[in-house]
Protein chains: 2
Amino acid sequence: MMGPLEAYLPYLLNRAGARLAAAFQAEVRPLGASLQIWRVLAALRERDRRRMGDLALTTAIEVSTLTRLVDTMERRGLVARRRAERGDGRTIIVRTTPEGRRLTARLVPVARRYETVALAGFAPADAEQLKDALRRLYANLDALPANGDAAASTRKEKRP
Amino acid sequence: MMGPLEAYLPYLLNRAGARLAAAFQAEVRPLGASLQIWRVLAALRERDRRRMGDLALTTAIEVSTLTRLVDTMERRGLVARRRAERGDGRTIIVRTTPEGRRLTARLVPVARRYETVALAGFAPADAEQLKDALRRLYANLDALPANGDAAASTRKEKRP
DNA sequence: TCCAATAATTTGTAAATGCAAATAATTGAC
DNA sequence: GTCAATTATTTGCATTTACAAATTATTGGA
């Protein structure tokens with residue numbers, strides 16, 4: 001980073017993301033939700049009954065933060081937790097409740113509108129190209145410290 | 001939002017931003033900085049002596065959060081605050097100290113590297129197009145609640 | 001001049017966050 | 001089958017964060 005901030009990609013990314021997040025958050029709050037709650041519900045809407053770690057990865061919420069968020073959502077009757085009985089018994093499976101799906105149904109239209117507003121004036125091809133660039137960007141960062149590079153944190157010497 | 005998350009723009013935006021932020025944060029922490037500290041320093045690097053509100057706007061940090069962040073940075077000798085004596089006396093001017101500029105100098109190379117890594121494999125024109133799309137996106141969101149639409153929160157009836 | 005309205009910043013306070021340590025369960029080597 | 005290493009999740013705890021209310025200062029009338 002050297003020139004003006006306007007030319008610095010992480011800056012542009014954060015700026016756009018923060019503005020989107022702030023506006024969305026303000027809008028769903030009266031509905032009894034938060035941005036983070038929406039993220040969990042959206043992930044479970046795409047595929048229900050997910051493991052905590054899986055949810056953390058798709059929502060980009062830290063696992064320990066997610067634990068407490070799911071606590072809250074469980075208390076509110078939006079999701080339920082149970083330990084996996086088939087397969088790996090260390091994992092906890094989170095699933096939505098009818099109440100959770102009801103709330104999701106009220107949030108989806110808001111989310112849809114945000115996609116529309118954000119991409120106003122974009123030709124369909126331009127919107128697609130933007131999305132694709134963001135996917136590539138994300139993939140590029142995979143190898144960095146503190147990220148999906150699970151191998152890096154696991155990699156070790158062969159017995160000293 | 002209806003289909004898979006992979007097609008939902010706010011999701012892609014947050015996912016990329018969060019991964020970038022997490023990795024950067026992990027990397028600058030040993031240098032005694034944080035992502036938020038970097039954002040303030042980067043803003044002041046572009047233009048020093050800014051008002052708090054201005055700083056909040058460019059860093060996308062909430063004003064009240066920024067107040068306390070600047071408290072910390074001031075205690076650490078990275079910036080100094082003074083009340084504006086010329087012009088509007090309500091405003092507080094923040095400026096960097098030599099120590100702050102020293103830290104900035106150590107952070108800039110890291111920031112540069114992140115831009116490079118994030119955009120690896122992008123043709124220069126593609127990178128430019130991505131940045132431009134993010135600027136347009138940001139502008140599109142300007143009219144939304146809880147955002148730059150200062151007029152909206154100020155707008156009022158003409159004396160009932 | 002004095003005042004009401006506006007604006008910039010800070011403070012009160014409760015909640016959210018993240019790192020590190022602890023807990024719980026699995027796996028593979030022997 | 002047992003045990004060390006690994007993995008998934010939670011907990012402890014200090015910090016960060018955000019909303020709302022309070023504070024400080026300016027501005028434009030009457």
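The structure under discussion appears in the preceding block.
Residues numbered from 1 in each chain as written. Chains lettered and ligands numbered in written order. Predicted model: local features only at pLDDT ≥ 70, side-chain atom pairs only at ≥ 80, totals over all residues. Heavy atoms only, no water.

> I'm lost on the overall build of chain A in this one. Help?
Regarding its fold elements, chain A presents seven helices and three strands. Counting helices and strands in the order they occur from the N terminus, chain A gives α-α-β-α-α-β-β-α-α-α. Counting all 160 residues of chain A, 44% fall into the buried class. Taking as baseline every contact in chain A between residues at least 6 positions apart, the subset at least 24 positions apart corresponds to 45%. When the accessible area of chain A is evaluated, it comes to approximately 8500 Å², of which 54% is carbon and sulfur surface. (Helix = DSSP H or I, 4+ residues; strand = E, 2+ residues; numbered from the N terminus. Buried < 20%, exposed > 50% of the residue type's maximum accessible area, 1.4 Å probe, protein only. Contact = heavy atoms within 4.5 Å. Areas by Shrake-Rupley, 256 points an atom, 1.4 Å probe, with all protein chains shown as cover.)

> What exactly am I supposed to notice about the sheet that holds strand β3 (residues 92–96) of chain A here?
The pairing of strands in a sheet comes from backbone hydrogen bonds and takes either a parallel or an antiparallel form. All names here are of chain A. Overall, antiparallel pairing links the three strands, which are arranged β1-β3-β2 in an open sheet. Only two strands of the sheet have a single neighbouring strand rather than two, namely β1 (50–51) and β2 (79–83). When β1 meets β3, the two strands line up antiparallel, connected through two bridges. Within the sheet, the bridge partner assigned to Arg51 lies in β3 and is Ile93. Its contacts with the sheet put helix α4 (residues 63–75) on β2 and β3, and the angle it makes with β2 is roughly 120 degrees. (Pairing = 2+ DSSP bridges. Axes fitted to C-alpha atoms, helices over the stretch in contact; angles between N-to-C directions.)

> Where do I start with the pattern of salt bridges in this structure?
Any two side chains of opposite charge can pair, on the condition that their charged atoms come close. Under the defined criterion, the tally for this structure stands at 32 salt bridges over all chains. Residues Arg19 of chain B and Asp142 of chain A are paired through a salt bridge, measuring 3.4 Å at the closest nitrogen-oxygen approach. Of this pair, Arg19 of chain B sits in helix α1 (residues 9–28) while Asp142 of chain A sits in the loop between α6 (124–140) and α7 (150–154), on two different chains. Note on Asp142 of chain A: relative accessible area 33%, which makes it partly exposed. Among the ionic pairs, Lys131 of chain B bridges to Glu115 of chain B, the shortest N-O distance being 2.7 Å. Of the two residues, Lys131 of chain B sits in helix α6 (residues 124–140) while Glu115 of chain B sits in helix α5 (residues 98–118), which places them 16 residues apart along the sequence. Neither Lys131 of chain B nor Glu115 of chain B differs from the other in exposure class; each is buried. Three or more residues are tied together by salt bridges with common partners; here these are Glu6 and Arg15 of chain A together with Glu128, Asp132 and Arg135 of chain B. (Salt bridge = Lys/Arg side-chain N within 4 Å of Asp/Glu carboxyl O.)

> Sorry if this is basic, but what is going on with unusual backbone geometry here?
Both trends apply: most residues other than glycine have a negative phi, and most peptide bonds are in trans. Within the chain, Arg49 of chain A stands out as a residue other than glycine whose phi angle is a positive 60 degrees. With respect to the secondary-structure elements, Arg49 of chain A resides in the loop between α2 (35–46) and β1.

> Looking at this structure, I do not really get the nonpolar core. What am I missing?
In globular proteins that are soluble, nonpolar side chains generally tend to be buried together. Counting 95 residues, the largest nonpolar core has Leu130 of chain A together with Leu130 of chain B as the members making the most contacts within it. With ten residues, the single largest contributor to this core is helix α1 (residues 9–28) of chain A. (Core = buried A, V, L, I, M, F, W, Y, C linked by side-chain atoms within 4.5 Å.)

> Where do I start with the pairing of β3 of chain A in this structure?
Pairing of β2 of chain A with β3 of chain A, which is carried by five bridges, proceeds in the antiparallel orientation. Bridging from a neighbouring strand, Arg81 of chain A pairs with Val94 of chain A of β3 of chain A.

> Please explain α1 of chain B as it appears in this structure.
Every α-helix carries 3.6 residues per turn, so stepping three or four residues along brings you back to the same face. The terminal C-alpha atoms of α1 of chain B lie 28 Å apart, and with 20 residues this matches the ideal 28 Å at 1.5 Å per residue to within 8%. Buried residues of α1 of chain B: Leu9, Pro10, Tyr11, Leu12, Leu13, Arg15, Ala16, Arg19, Leu20, Ala23, Phe24 and Val28 of chain B, and no others. (Expected span 1.5 Å × (residues − 1).)

> I keep staring at helix α3 (residues 52–59) of chain A and nothing clicks. Help me out?
The element α3 of chain A is extensively covered by neighbouring structure, given that six of its eight residues are classed as buried. Packed against the buried residues of α3 of chain A are α2, β1, α4, β2 and β3 of chain A together with α1 of chain B. One or two positions beyond α3 of chain A, positive phi appears at Ala60 of chain A, with a value near 60 degrees.

> What am I meant to see in the sheet that holds strand β3 (residues 92–96) of chain B here?
Spatial ordering of the open sheet is given by β1-β3-β2 (chain B), a layout of three strands whose pairing is antiparallel. Each end of this open sheet is capped by a strand with a single partner; those strands are β1 (50–51) and β2 (79–83) of chain B.

> Just checking my understanding: could you explain the environment of Ala43 of chain A for this structure?
Among the secondary structure elements, Ala43 of chain A is positioned in helix α2. Along the chain, Ala43 of chain A and Asp54 of chain A lie eleven residues apart, while their C-alpha atoms are 9.5 Å from each other. Apart from the residues lying within four places of it in its own chain, the contact partners of Ala43 of chain A are Arg50, Leu55, Thr58 and Thr59 of chain A together with Leu5 of chain B.

> Looking at this structure, how should I read the relation of the copies chain B and chain A?
Note: a rotation about an axis with an accompanying shift along it relates these two copies of the chain. Once turned by 180 degrees and shifted 0.0 Å along the axis, chain B lies on chain A with an RMSD of 0.0 Å. On the angle and the small slide along the axis, the relation comes out as a two-fold axis. Minimal C-alpha separation from the rotation axis in chain B is found for Leu130 of chain B, amounting to 3.1 Å. Looking at chain B, 100% of its interface residues are interface residues in chain A too, so the copies touch through the same face. (Least-squares fit on C-alpha atoms with pLDDT ≥ 70 in both.)

> Teacher, can you tell me more about the interface of chain B and chain A here?
Interface size is commonly expressed as the accessible surface area that is lost when the partners come together. Across the boundary between the two partners, chain B contributes 61 residues, which contact 61 residues of chain A. The tally of links between chain B and chain A comes to six salt bridges. Across the pair Arg136 of chain B and Asp126 of chain A runs a salt bridge, and its minimum N-O distance is 3.7 Å. The tally of links between chain B and chain A comes to 23 residue pairs in polar contact (both at pLDDT 80 or more). Breaking the side of chain B that touches chain A down by element, the ones donating at least two residues are α1, α2 (35–46), α3 (52–59), α5 and α6 of chain B. (Polar contact = N/O pair within 3.5 Å; in protein donor to acceptor, adjacent residues only side chain to side chain.)

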